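# Understanding the architecture of this molecule
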Amino acid sequence: MTDTLASRPEGFRRVAQVLAERGHPHAPRWLDASARTSQEAADALGVQVGQIAKSVIFRRQADGAAVLVVASGDRRVDEKKVAALVGAIGRADADFVKAATGFSIGGVAPLAHATPPVTLIDRDLFRFDVVWAAAGHPNGVFALTPAQLEALTGAPVADVVQAPVGVAP
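Quick summary incoming for the structure in this document. (Residues numbered from 1 in each chain as written. Predicted model: local features only at pLDDT ≥ 70, side-chain atom pairs only at ≥ 80, totals over all residues. Heavy atoms only, no water.)

## Regarding the nonpolar core
In terms of nonpolar packing, the biggest core is built from 29 residues, with Val-15, Ile-57, Leu-111, Leu-125, Phe-142 and Leu-144 touching the most fellow members. Looking at this core, the elements that each hand over two or more residues are helix H2 (10-21), strand E2 (52-60), strand E3 (66-72), helix H5 (94-101), strand E6 (131-134), strand E7 (140-144) and helix H6 (146-153). No other element matches H2, which puts four residues into this core. Not counting chain neighbours up to four residues away, the residues in contact with Leu-125 comprise Gly-50, Ile-52, Ala-53, Val-70, Ala-71, Ser-72, Val-131, Pro-146 and Leu-149. Core analysis: the next-biggest nonpolar cluster, separate from the first, contains twelve residues, Phe-58, Val-86, Leu-120 and Ala-158 among them. (Core = buried A, V, L, I, M, F, W, Y, C linked by side-chain atoms within 4.5 Å. Buried < 20%, exposed > 50% of the residue type's maximum accessible area, 1.4 Å probe, protein only. Helix = DSSP H or I, 4+ residues; strand = E, 2+ residues; numbered from the N terminus. Contact = heavy atoms within 4.5 Å.)

## Description of the side chain of Asn-139
Checked against the element boundaries, Asn-139 lands in the loop between E6 and E7. When neighbours within four sequence positions are excluded, Asn-139 is seen to be in contact with Arg-29, Trp-30, Leu-31, Asp-32, Ala-33 and Ser-34.

## Digging into the pairing of E2
Relative to E6, E2 runs parallel, the two being bridged by two bridges. Bridging across to E6, Ile-52 finds its partner in Trp-132. Sheet analysis places E2 next to E3, joined by seven bridges and oriented antiparallel. Bridge pairing links Arg-59 to Ala-66 in E3. Between E2 and E3, which pair antiparallel one after the other, the connecting turn spans five residues, and Gly-64 there sits at a positive phi close to 75 degrees. Bridging between E2 and strand E4 (residues 89-91) involves three bridges; their strand directions are antiparallel. Looking at E4, one finds that Arg-59 is bridged to Gly-90. (Pairing = 2+ DSSP bridges.)

The values reported here are purely geometric and, on their own, carry no functional implication.
So, in structure tokens, the structure goes:
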């Protein structure tokens, strides 16, 4: 495995190292095809799109800090709810995401960031026993429970998504 891991991109190796250091039971998995979207990841893994723990990065207006929201792949992040918790936010472009996290869009992991972001975990992830998060590259993913995600990131769990279509808030 060392030779295989050594040949992988730096972001993937960084996530693998942090997971190993923290005793996470599941090493990252390399997919044959990139999974830049939640739907692509779900299709590649044979799971529900909601089981994809997508990482969405915003830029906090007050200080330029990265704000990471980890949410179910079948939910849309509610920027107003996020801003109510962390302060006014704006969109983050690809250059900002790469500089702040060390990862490219489509592969942003919930941990092992270049600079630790302000992180929030959406409570809807807890609908699932197992979720899959990006592992530092669009081809990399790893499995974990929502409780493990909370423990690995130290992030609070909050309601930060829009209500699903057809469901009253």
